[in-house]
Amino acid sequence: GRSDRTLTFATTSARSAAQLPLPALRSLRMSAQPVAVEDAAFYVDLLTRPELNKHRPDARMRDAAACAAALQADMAHWSSFGFGRYRLTHAAQSVGLGGLTQKEGFSGLNLSYHLLPDWWGIGLASEFVRTALDFASDRLGAASVYGLVRPSNTASIRVLEKAGFARAGDHIVGGAPMRELRREL
């Protein structure tokens, strides 16, 4: 069910002339805009941090070229599906990336989020997860959402469990063990 927080869905003009208007997300403390070419430097800043990479399926450090490829893949997902990864903003600062995507080999929508370490521990991940779940249900009509988390990432597992996700299986993704947590909507 819906919680008592205020959630607004808006359509925003694309930040790149080549994009169509895409849905923005807003929660009590955050806004989220679809990723765009202008986010390239933020992708490098966020995705080259060792403390984030250790939780990815492939924990090797990304370089600028790999970050650019990730941004291109995220923008292509938007073009193909009309939803995808967002740049998350809090207190007028970019604080992370998060979104819902289609992932080959899995049913439902894949929920992911990556916050800058300075913003860990203040509830932003939980707030984004709740907002993304509402969007998945209300706007995308999804039947289920799942997250893939390294078993050692206990903080992220707790965020998903607090949002009603339950363990649904274990997988090897990109050579690393990943726990699937799933929530039916």
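Residues numbered from 1 in each chain as written. Predicted model: local features only at pLDDT ≥ 70, side-chain atom pairs only at ≥ 80, totals over all residues. Heavy atoms only, no water.

1. A look at the overall build of the protein
Next up, step 1: Counting its regular elements, the protein contains five helices and nine strands.
Next up, step 2: Listed by position from the N terminus, the elements making up the protein come as β-β-β-α-α-α-β-β-β-α-β-α-β-β.
Next up, step 3: Burial analysis of the protein (185 residues in total) assigns 50% to the buried set.
Next up, step 4: Counting every atom, the protein has about 9000 Å² of accessible surface; 53% of that belongs to carbon and sulfur. (Helix = DSSP H or I, 4+ residues; strand = E, 2+ residues; numbered from the N terminus. Buried < 20%, exposed > 50% of the residue type's maximum accessible area, 1.4 Å probe, protein only. Areas by Shrake-Rupley, 256 points an atom, 1.4 Å probe, with all protein chains shown as cover.)

2. A few points about the pattern of salt bridges
Next up, step 1: For the structure on display, the rule yields seven salt bridges.
Next up, step 2: A salt bridge links Arg-49 to Asp-45; the shortest N-O distance between them is 2.9 Å.
Next up, step 3: Judged by relative accessible area, Arg-49 falls into the partly exposed class, the value being 26%.
Next up, step 4: One salt bridge in this structure joins Asp-170 and Arg-167, with 2.5 Å as the shortest N-O distance.
Next up, step 5: By relative accessible area, which is 47% here, Asp-170 ends up partly exposed.
Next up, step 6: One continuous salt-bridge network, built from bridges that share partners, spans Arg-167, Asp-170 and Arg-179. (Salt bridge = Lys/Arg side-chain N within 4 Å of Asp/Glu carboxyl O.)

3. What to know about the side chain of His-90
Next up, step 1: By secondary structure assignment, the location of His-90 is in strand S4 (residues 85–90).
Next up, step 2: If near-sequence neighbours (up to four positions away) are discounted, His-90 is found in contact with Arg-29, Met-30, Val-95, Trp-119, Ile-122 and Leu-124. (Contact = heavy atoms within 4.5 Å.)

4. Focus: the packing of helix H1 (residues 40–47) against helix H3 (residues 64–81)
Next up, step 1: Between H1 and H3, the shortest axis-to-axis distance is 9 Å and the interhelical angle comes to 120°. Compared by their axis directions, H1 and H3 come out oblique. Here H1 runs over H3; the crossing is right-handed. Within the contact between the two elements, H1 uses Ala-40, Tyr-43, Val-44 and Leu-47 and H3 uses Ala-64, Cys-67, Ala-70, Leu-71 and Asp-74.
Next up, step 2: Partitioning the contact of H1 with H3 into residue classes produces eight nonpolar, no polar and one charged. (Axes fitted to C-alpha atoms, helices over the stretch in contact; angles between N-to-C directions. Parallel < 35°, antiparallel > 145°, perpendicular 65-115°, else oblique. Left-handed = near helix turned anticlockwise from the far one by under 90°. Nonpolar A, V, L, I, M, F, W, Y, C, P; charged D, E, K, R; others polar.)

5. Some thoughts on unusual backbone geometry
When glycine is set aside, most residues are seen to have a negative phi, and most peptide bonds are trans.
Next up, step 1: The backbone of Ala-91 sits at a positive phi, close to 50°, despite the residue not being glycine.
Next up, step 2: With respect to the helices and strands, the residue Ala-91 is situated in the loop between S4 and strand S5 (93–101).
Next up, step 3: With a phi angle near 65°, Ala-92 is a residue other than glycine that sits in the positive phi range.
Next up, step 4: Tracing the backbone shows Ala-92 in the loop between S4 and S5.

6. Quick look at H3
Next up, step 1: Under the 1.5 Å per step criterion, the end-to-end length of H3 is 26 Å for 18 residues, consistent within 8% with the ideal 26 Å.
Next up, step 2: Within H3, the full set of buried residues consists of Cys-67, Ala-70, Leu-71, Asp-74, Met-75, His-77 and Trp-78. The buried side chains of H3 occupy one side of the element, clustering within an arc of 150° when seen end-on. Among the exposed residues of H3, those pointing more than 90 degrees away from its buried face are Ala-65, Ser-79 and Ser-80. (Expected span 1.5 Å × (residues − 1). Arc of directions from axis to C-beta.)

7. A short note on the pairing of strand S8 (residues 166–173)
Next up, step 1: Bridge analysis of S8 against strand S9 (residues 176–184) gives seven bridges, and the strand direction is antiparallel. Residue pairing for S9: Ala-166 is matched across the bridge by Arg-182.
Next up, step 2: Counted between consecutive antiparallel strands, the loop separating S8 from S9 contains two residues, among which Gly-174 sits at a positive phi close to 60°. (Pairing = 2+ DSSP bridges.)

8. What to know about the confidence of the model for the protein
Next up, step 1: This prediction gives the protein a mean pLDDT of 88; 89% of its residues lie at or above 70.
Next up, step 2: Of all the helices and strands in the protein, strand S1 (residues 8–12) carries the lowest mean pLDDT, 36, while S4 carries the highest, 98. (pLDDT = per-residue confidence, 0-100.)

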